[in-house]
Amino acid sequence: MSTRYVCGRIHRLQEKFDPLTIESKKAATVVLMLNSTEEEILAKACEAIYKFALKGEENKATLLELGAMEPLTKLLKHEDKIVRRNATMIFGILASNNDVKKVLRELDILSSIIAQLAPEEEVVIHEFASLCLANMSVEYTSKVQIFEYGGMEPLVRLLGSPDPDVKKNSIECLYNLVQDYHCRMAIQDLSAIPPILELLKSEFPIIQLLALKTLEVVTSDRESRLLFRDAQGPEQMLKILETKEFNDLHAEALNVIANCLEDVDTMVQIQQAGGLKKLLTFAENAVFPEIQKNATRAISRAAYDPENRKVLHDQGVEKCLITLLGAENDGTKVAAAKVISAMSENIGSKEYFNTEGIPQIVQLLKNENDDVKEAASQALANLTTANAVNANAAAEADAIEPLINMLGSSRDDNVANAATVLTNMATQENLRQMIQNQNFMRAIIMPLNNSNPMVQSKAALTVAAIACDTDARNELRIANGLERLVELLHSNNEEVRRNASWAVMVCATDEPIAVELCKLGALDILQEINKSLKRKNNFSEAAYNRLLHNNLSLKYCMNGYLSSNDLITDVFYDAGRLNPGTKLLSLKEFALQEPSDRRAIILINCKAAIPSPHHSTPGDKLSASGRSSTGRKGTKLSLVAGSPTEEKPESTGPASITSKSFIKEKGSRKGKGRKEEEKKEEEEILPTKMTDSVAEKEWCPPIDQDFLNYISEVSKTVLPIADLMEQIEALAKFVSAKMGGPVSQEQMHEFTWEHHISEVQFKLKSNVVPIGCIKKGTFFHRALLFKALSDKIGIGSTLVRGEYNRAWNEVKLIDETNRGVTGLLPPPEKFIVDLMYEPGSLMKIRSREAEHYRFL
């Protein structure tokens with residue numbers, strides 16, 4: 001650094017200074033001169049420091065270290081214009097350095113800099129003061145200070161300066177300032193939009209570019225868009241697009257138009273002026289990919305408003321979008337797909353894509369770019385929602401395979417979109433089967449295990465939509481999907497909990513799956529959810545009821561009640577009342593226990609189960625066939641008005657029996673085994689005793705041949721009876737006869753049913769006792785047998801558990817003799833069927849006899 005300056009020396013005779021010229025090559029010396037009181041010295045020093053600072057960032061840092069900022073700050077208020085000008089020039093240069101910015105903020109110089117923007121100041125001062133503000137306004141703190149010190153008004157005024165550098169610095173500073181909301185609002189009050197638009201006529205591209213960038217930010221606010229529209233801003237943007245020489249400004253102009261298109265009134269104004277059609281043509285024919293992408297984005301911004309969608313549809317935007325889907329640039333494809341997503345809210349547009357557009361979107365699902373996949377899957381999700389035709393079109397375009405592959409994507413949005421499309425397709429049975437055939441249940445496990453609640457919710461909903469048949473539910477079970485569904489019931493997210501409950505309800509349609517879900521704790525979780533008013537939902541209650549309905553053994557143990565709609569089927573067992581907080585063991589677990597003095601487990605079963613290494617019984621997990629053994633096909637017998645319909649089993653004859661033992665050997669029986677079977681057929685038919693090596697053999701529920709015979713007998717003797725009351729009486733007497741006959745109240749203490757049950761348990765070497773083996777039964781044995789048989793022949797009855805080994809059956813009957821004045825039949829009344837004292841007699845539900853039968 002070199003400078004010359006003049007200093008005086010004392011002339012002893014004349015007492016005045018003679019000029020003295022000194023040359024300094026050290027910056028420190030010049031910085032010291034900033035403290036001088038002489039204007040000429042200060043001006044020369046500032047000029048030297050300005051030139052020094054221009055040479056690079058290192059020199060700026062040097063000046064900072066030498067402490068030049070503080071004395072320079074004082075010079076901004078100096079009376080001499082030249083000193084003040086030179087100091088302002090220095091700050092204009094130094095403010096580009098980040099370390100200097102920090103010090104300047106601490107020195108609070110912005111008010112002094114803003115003062116230099118006064119109209120009476122020189123253009124040079126305006127230039128460097130605005131440059132300093134432009135550099136400082138990058139920082140948020142400085143934005144606030146400039147706004148508070150009233151810096152925006154002079155900056156807007158300087159947009160009309162004749163000097164291009166002043167214009168450039170002022171618009172750049174304003175661009176930085178309008179990133180803040182309060183500054184954007186101030187733009188409206190200062191009427192800054194017209195002077196900003198004037199800058200578009202500048203011959204300097206940088207000024208035009210900064211003006212467009214500023215307008216892009218400003219027009220993001222609705223009030224500013226209205227001012228922009230009143231200032232004929234949209235028309236000027238369209239003129240820029242029509243001018244090929246302004247190619248470098250097209251992207252920014254399109255962004256401004258995109259903001260304007262969010263306003264319905266502005267949109268209509270542009271359309272009426274033919275601008276919308278020009279925009280669509282421009283988007284379709286743009287040469288530069290970036291420009292085409294921005295044009296498409298502009299259209300997408302407009303498409304999010306319902307009224308705008310109508311206008312776009314009338315302009316035939318769909319055809320343009322289909323063309324843009326085939327663009328080479330991935331960004332354009334993404335933008336076009338997003339417009340289609342928005343336009344799918346318009347019914348006319350949605351129908352247009354029925355025949356065109358969907359195949360192109362499906363092709364984008366196979367694109368390697370994740371952004372493209374996401375936009376395409378979102379568009380397909382919206383197009384197929386509540387539109388079976390579009391769902392079919394997507395399937396015909398081979399969308400199912402890439403959608404299922406997308407379930408394994410690392411992007412949560414991709415997974416959620418794919419799941420949504422598959423859910424929409426699954427409303428049609430043929431498409432649902434196609435999805436299932438693509439190993440969907442295995443693919444959905446990963447989304448179910450996702451940590452994102454949105455993905456969890458969508459995945460659970462898709463399971464609920466597709467798990468509509470036994471095969472699909474079995475595949476989900478094999479893929480360990482049931483465990484995850486049960487875990488999702490714990491979710492704190494309401495949507496996840498709701499959809500998981502829905503999926504559990506659908507899966508619980510099969511009795512074996514319902515049993516498995518109960519084992520996994522679904523019933524306990526749902527019970528807990530339904531206790532909470534905030535957490536429960538319609539599906540949690542429905543899932544709970546469905547689980548119990550398809551696991552009647554558990555339902556009876558928990559509630560002590562089965563309605564006439566709850567039809568007892570094979571492998572039902574009564575393990576007694578279930579204490580709160582305890583879990584019901586499976587029938588297999590009960591059967592494999594050592595015989596004990598505990599209450600016998602009463603089994604209802606007359607159907608053989610073929611053991612399989614891959615399937616367990618309904619008492620454990622699944623039946624051998626993998627299907628629910630409900631046996632509800634057959635003739636429906638209506639009882640009374642409003643009563644349920646009952647159905648006969650598919651087969652009630654001995655021909656359906658394939659097994660007579662608790663344990664089946666793995667392999668064929670030979671020699672001694674055959675002799676034992678022949679011997680057993682000559683003796684009373686009882687289930688085979690359990691062996692010590694039971695753990696090594698496959699367990700099957702025992703077939704109750706006696707119960708099977710009971711069904712055959714009542715089908716021949718009771719079912720043909722025409723009168724319902726006579727049917728009930730005949731069935732009651734039949735049950736009583738098989739359970740030891742009538743027992744008077746006085747003889748109840750002599751009726752040793754407990755001893756008989758213990759003998760049967762000892763003989764079977766098991767706690768599980770088939771009901772046909774019981775020849776002396778008390779109230780709850782008889783009530784269970786009555787319910788089981790009445791369900792087989794279509795008599796509607798309930799099963800109610802009481803205290804002290806009591807249980808009873810309730811039936812509904814209409815007294816046809818008691819017709820009213822109008823001749824209409826009275827409503828049905830409830831009766832309790834006596835199976836113990838006077839078998840076949842009926843007691844009104846609230847009668848003294850009924851109370852005595854139930855409670856004493």
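Here the structure is a predicted model, which means the values were calculated and not measured.

Parameters and conventions
Residue numbers run consecutively from 1 along every chain, following the written order of its sequence. At least 70 in pLDDT is required for a residue's local features to be given in this predicted model, at least 80 for side-chain atom pairs to be given and counted, and no such filter applies to totals for whole chains, interfaces and linings, which use all residues. Derived side-chain values reflect all non-hydrogen atoms in the structure, with water molecules and hydrogen atoms excluded from consideration. Numbering of helices and strands starts at the N terminus; helices are DSSP runs of H or I of at least 4 residues and strands are runs of E of at least 2. For every residue, the accessible area obtained with a 1.4 Å probe (protein chains only) is divided by the maximum for its type, and the residue is called buried under 20%, exposed over 50%, and partly exposed between those limits. Should any heavy atoms of two residues lie within 4.5 Å, those residues are counted as being in contact. The Shrake-Rupley method, run with a 1.4 Å probe sphere, supplies the accessible areas, and residue values consider only the shown protein chains as cover. Following DSSP output, two strands are said to pair if at least two bridges run between them. Salt bridge, as used here: a side-chain nitrogen of Lys or Arg that lies within 4 Å of a carboxyl oxygen of Asp or Glu. Axis definition: a line fit to C-alpha positions, over the contact stretch in the case of helices; interaxial angles, taken between N-to-C directions, run 0 to 180 degrees.

(A) How the structure looks around the overall build of the chain. Summing up its helical and strand segments, the chain has 47 helices and 15 strands in all. Classification of the 856 residues of the chain by burial places 53% in the buried group. If you take every contact in the chain between residues at least 6 apart in sequence, the share linking residues at least 24 apart comes to 67%. Accessible surface, the chain as shown: approximately 39800 Å² in total, 49% of it carbon and sulfur.

(B) Main features of the sheet that holds strand S3 (residues 561–562). In space, the three strands of this open sheet follow the order S3-S11-S12, with antiparallel pairing throughout. Looking along the sheet, the strands with just one partner apiece sit at the ends: S3 and strand S12 (807–808). Examined bridge by bridge, S3 and strand S11 (residues 799–801) share two bridges and lie antiparallel to one another. Its bridge partner lying in S11, Leu562 is registered against Leu799.

(C) The pattern of salt bridges, seen in detail. Considering all chains together, one arrives at 28 salt bridges under this definition. For Arg599, the salt bridge is made with Asp574, and the minimal N-O distance between the two is 3.2 Å. In this pair, Arg599 is assigned in the loop between helix H41 (587–591) and strand S5 (601–604) and Asp574 in strand S4 (residues 572–574), connecting sequence segments 25 residues apart. Arg599 gets classed as partly exposed once you look at its relative accessible area, which sits at 28%. Residue Asp574 is classed as buried on the basis of its relative accessible area of 0%. One salt bridge connects Lys787 with Asp791, and the closest N-O pair in it is separated by 3.3 Å. Of this pair, Lys787 and Asp791 both sit in helix H46 (residues 779–793), four residues apart, which is roughly one turn of that helix. No difference in accessibility class separates Lys787 from Asp791, as the two residues are buried. A single network of salt bridges, built from pairs that share partners, joins Arg222, Arg225 and Asp263.

(D) Main features of the side chain of Thr296. Note that Thr296 resides in helix H20 (residues 289–303). Leave out the neighbours within four places in its chain, and Thr296 touches Ala283, Leu324, Thr332, Ala335, Ala336 and Val339.

(E) Spotlight on the sheet that holds strand S13 (residues 810–813). Strand order across the open sheet formed by three strands is S13-S14-S15, with antiparallel pairing between neighbours. Two strands bound the open sheet, and with one partner strand each, they are S13 and strand S15 (842–844). Taking each pair of neighbouring strands and ignoring which way they run, the sheet shows an average axis angle of 45°. When S13 meets strand S14 (residues 829–833), the two strands line up antiparallel, connected through four bridges. Looking at S14, one finds that Leu813 is bridged to Glu829. The sheet strands contacting helix H44 (residues 724–738) are S13, S14 and S15, and the helix crosses S13 at an angle near 160°.

(F) How the structure looks around helix H40 (residues 552–559). Among the eight residues in H40, six count as buried, and that is most of the element. Among all positions of H40, only Leu552, Ser553, Leu554, Lys555, Tyr556 and Cys557 are buried. In the stretch just after H40, Gly560 is the one whose phi turns positive, near 70°.

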